[in-house]
Amino acid sequence: MEFSKENMRFYIFMRCKLGESAKLIHETLQTVCGDCVCSYQTVCCWVKEFNEGKESISDCPRPERPKSCVNEQTIASIKKDIDEDPHISVQELSDTNGLSYGTVHTIITEHLRMKKVFVRWIPHLLTVDQKRERVCCATELLNTFEPHGPKRLSDIVTGDETWFPFFLIPPKRLNRMWVDEQGDRPVVLRPGFQSRKRMFMVFFNYSGSLVVDILPQDTTMTATYYVQNVISQVKSAINEQRPSRTLLLHDNAGPHKARATSQSLQELGIQVLPHPAYSPDLAPCDFWLFPIPKDRLAGRKFNRIQDLAKAVNSELRTSPEEDYQGVFRKWQIRLKRCIESHGEYFEGL
């Protein structure tokens, strides 16, 4: 037979009034109730309270649980503040609404189902026509280089221009250092627009780096320079490897799209692949090649252009051929993602 708490307390009350000890009462309860009996310490507590004059066998009344601050009104107030200022912090919401930090956090995450994220940087605010152009261009390129398509990825040569400073600041994650508790925070000088830097033209294909050209100091990149000093080197390098019809992938910079450049490329037998405007996410140099030497050279200082050029060439040569082949396959994946996102910039690659 099972005994409720009230039954046991009544038994303890009666035996206590008869002058029995807590130990004897507990032993008797244990004989009758078995494993369901309350602990010896509990029996002692009740015996003590009954001996001090307690008459009730019920629990003492406890204060009610405080009413929750999470209700429709507070949720609506938090939502209104967030709509007005999406950058507002949890602490500011707490101070404004007179709620605890934990309550505000609960409202945001559990009731509003919101989370705070970093804004995503994009190269350009694309128009509807530009998005459409990106989709059309990506579709055309995928059809051209599909497994049984008319062209091969190994025929592509791609390249672009970029600035290499003589001193490149390491990324913020690499600038952290240990200091004494009372030590000052170290500083690093950010290079300005007048810092020493030179423009490099880098071109590569399925096999690796082909051409690394450095724009002479006090020289402007023009269509004439691009054709005579860069494209000519690219053509010579391709002819040495495997004479074939070259497919050139470059962006829409002025020297690349000039009439003189187009005529010269046609005369050299180089076919230009389409590339949509404002699409560095679809340019292998931008999303893969240029970050490699810049990350590896961060923190190193060069005094001569010869030393900088040697270091850049060395870093480009350290990437194995498999990486160069892989980037063209990644390029195809990015083309598919561009189509799936309807021409919008995408994340995740």
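Structure report, in brief. The structure presented is a predicted model; accordingly, all values stated were derived computationally and were not measured.

Cut-offs and rules
- Position numbers for residues count from 1 along each chain, tracking the sequence in the order it is written.
- With pLDDT at 70 or above as the cut-off, local features in this predicted model cover only qualifying residues; side-chain atom pairs require 80 or more to be listed or tallied, and sums for whole chains, interfaces and linings still use all residues.
- The basis for the side-chain values is all heavy atoms of the structure; hydrogens and waters are excluded.
- Each nonpolar core is a collection of buried residues, namely Ala, Val, Leu, Ile, Met, Phe, Trp, Tyr and Cys, held together in the definition by side-chain atoms within 4.5 Å.
- Burial here depends on accessible area, computed with a 1.4 Å probe over protein chains only, as a share of the maximum for the residue type. Under 20% is buried, over 50% is exposed, and the range in between is partly exposed.
- A helix here means a DSSP run of H or I that spans at least four residues, while a strand means a run of E at least two residues long, and both kinds are numbered starting from the N terminus.
- The contact rule is simple, with two residues in contact once any of their heavy atoms fall within 4.5 Å.
- Any pair of cysteine sulfurs within 2.5 Å is marked as a disulfide.
- DSSP bridges decide pairing: two strands pair if at least two such bridges lie between them.
- The aromatic pairing rule takes the rings of Phe, Tyr and Trp, using the six-membered ring of Trp, and pairs them if the centres are within 6.5 Å, calling planes under 30 degrees apart stacked, those over 60 edge-to-face and the rest tilted.
- The criterion for a charge sitting over a ring is simple: Lys NZ or Arg CZ within 6 Å of the ring centre, and within 35 degrees of the ring normal.
- By definition, a salt bridge exists where a carboxyl oxygen of Asp or Glu is found within 4 Å of a side-chain nitrogen of Lys or Arg.
- Axis definition: a line fit to C-alpha positions, over the contact stretch in the case of helices; interaxial angles, taken between N-to-C directions, run 0 to 180 degrees.
- What sets the label is the angle itself: under 35 degrees gives roughly parallel, over 145 gives roughly antiparallel, 65 to 115 gives roughly perpendicular, and the rest give oblique.
- In this scheme the handedness of a crossing depends on how the near helix is turned from the far one: anticlockwise by less than a right angle means left-handed, clockwise means right-handed.
- When residues are sorted by character, Ala, Val, Leu, Ile, Met, Phe, Trp, Tyr, Cys and Pro go into the nonpolar class, Asp, Glu, Lys and Arg into the charged class, and all the rest, Gly among them, into the polar class.

What follows covers the nonpolar core. Counting 37 residues, the largest nonpolar core has Ile156, Leu289 and Trp331 as its most contacted members. Where this core is concerned, the elements lending two or more residues are helix 7 (128-144), strand 1 (156-165), strand 2 (197-205), strand 4 (246-249), helix 11 (284-289), helix 12 (291-297), helix 13 (305-318) and helix 14 (321-340). Filtering out sequence-adjacent residues up to four positions away, Leu289 remains in contact with Val202, Phe204, Pro284, Leu316 and Tyr324. Of all hydrophobic cores here, the second largest spans 18 residues; its members include Tyr226, Ile231, Val234 and Ile238.

Moving on to the state of the cysteines. Inspection of every chain in the model, using the stated rule, returns zero disulfides. In this structure Cys44 is not part of a disulfide, and its nearest cysteine sulfur, from Cys45, lies 7.0 Å away. Among the cysteines around Cys137, which has no disulfide bond, Cys338 carries the closest sulfur, lying 8.3 Å off.

Working note: regular strand, side chains alternate between the two faces of the sheet. Of all ten residues in strand 1, nine are buried; the element is thus mostly enclosed. As paired strands, strand 1 and strand 4 are joined by three bridges and run parallel to one another. Bridged to Val157 within strand 4 is Leu248.

Here we come to the packing of aromatic side chains. Both the distance between ring centres and the angle between the ring planes are used here to describe each pair of aromatic rings. Using the criterion set out here, one finds ten aromatic pairs in the structure. Taking the centre distance of 5.2 Å and the plane angle of 80° together, the rings of Trp288 and Tyr324 count as edge-to-face. Taken together, the residues Trp288 in helix 11 and Tyr324 in helix 14 connect sequence positions 36 residues apart. Each of the two residues, Trp288 as well as Tyr324, counts as buried. What links up through ring pairs into an aromatic cluster is the set Phe204, Tyr206, Trp288, Tyr324 and Phe328. Sitting above the plane of the Phe164 ring, Lys294 keeps its charged end 5.5 Å from the centroid. Between Arg334 and the ring centre of Phe287, over which it is positioned, the NZ or CZ distance is 4.1 Å.

The next point concerns the pattern of salt bridges. On inspection of all chains with the given rule, the structure shows nine salt bridges. For Asp83, the salt bridge goes to Lys79, with nearest N and O atoms at 2.9 Å. Of the two residues, Asp83 and Lys79 are both situated in helix 4 (residues 72-84); the distance of four residues between them amounts to about one turn of the helix. Residue classification places Asp83 among the partly exposed positions, given a relative accessible area of 49%. One salt bridge in this structure joins Glu84 and Lys80, with 2.7 Å as the shortest N-O distance. With Glu84 and Lys80 both in helix 4 and four residues apart, the pair spans about one turn of that helix.

On the basis of which strands lie adjacent, the open sheet formed by five strands has the order 3-2-1-4-5 and mixed pairing. The open sheet has two edge strands, strand 3 (208-214) and strand 5 (270-272), and neither has a second partner. Recorded for the sheet is a direction-independent mean angle of 30° between the axes of neighbouring strands. With three bridges joining them, strand 4 and strand 5 adopt parallel strand pairing. Bridge pairing links Leu247 to Gln271 in strand 5. The sheet strands contacting helix 14 are strand 1, strand 2, strand 3 and strand 4, and the helix crosses strand 2 at an angle near 85°.

This part is about unusual backbone geometry. The phi dihedral of Asp218 is positive, around 60°, even though this residue is not glycine. Its location among the elements puts Asp218 in the loop between strand 3 and helix 8 (223-241). The residue His342 is not glycine, and still its phi comes out positive at about 60°. In this structure, His342 sits in the segment after helix 14. Classification of His342 by relative accessible area gives exposed; the value is 63%.

Moving on: the packing of helix 7 against helix 14. Following both chains from N to C, one finds helix 7 and helix 14 inclined at 140°, their axes separated by 9 Å at the closest point. One finds that helix 7 runs oblique with respect to helix 14. Every pair of crossing elements has a handedness; the one defined by helix 7 and helix 14 is left-handed. Contacts between helix 7 and helix 14 involve Arg134, Val135, Ala138, Thr139, Leu141 and Leu142 from the first element and Trp331, Gln332, Leu335, Lys336, Cys338 and Ile339 from the second. Grouping the constituent residues of the contact of helix 7 with helix 14 by class yields eight nonpolar, two polar and two charged.

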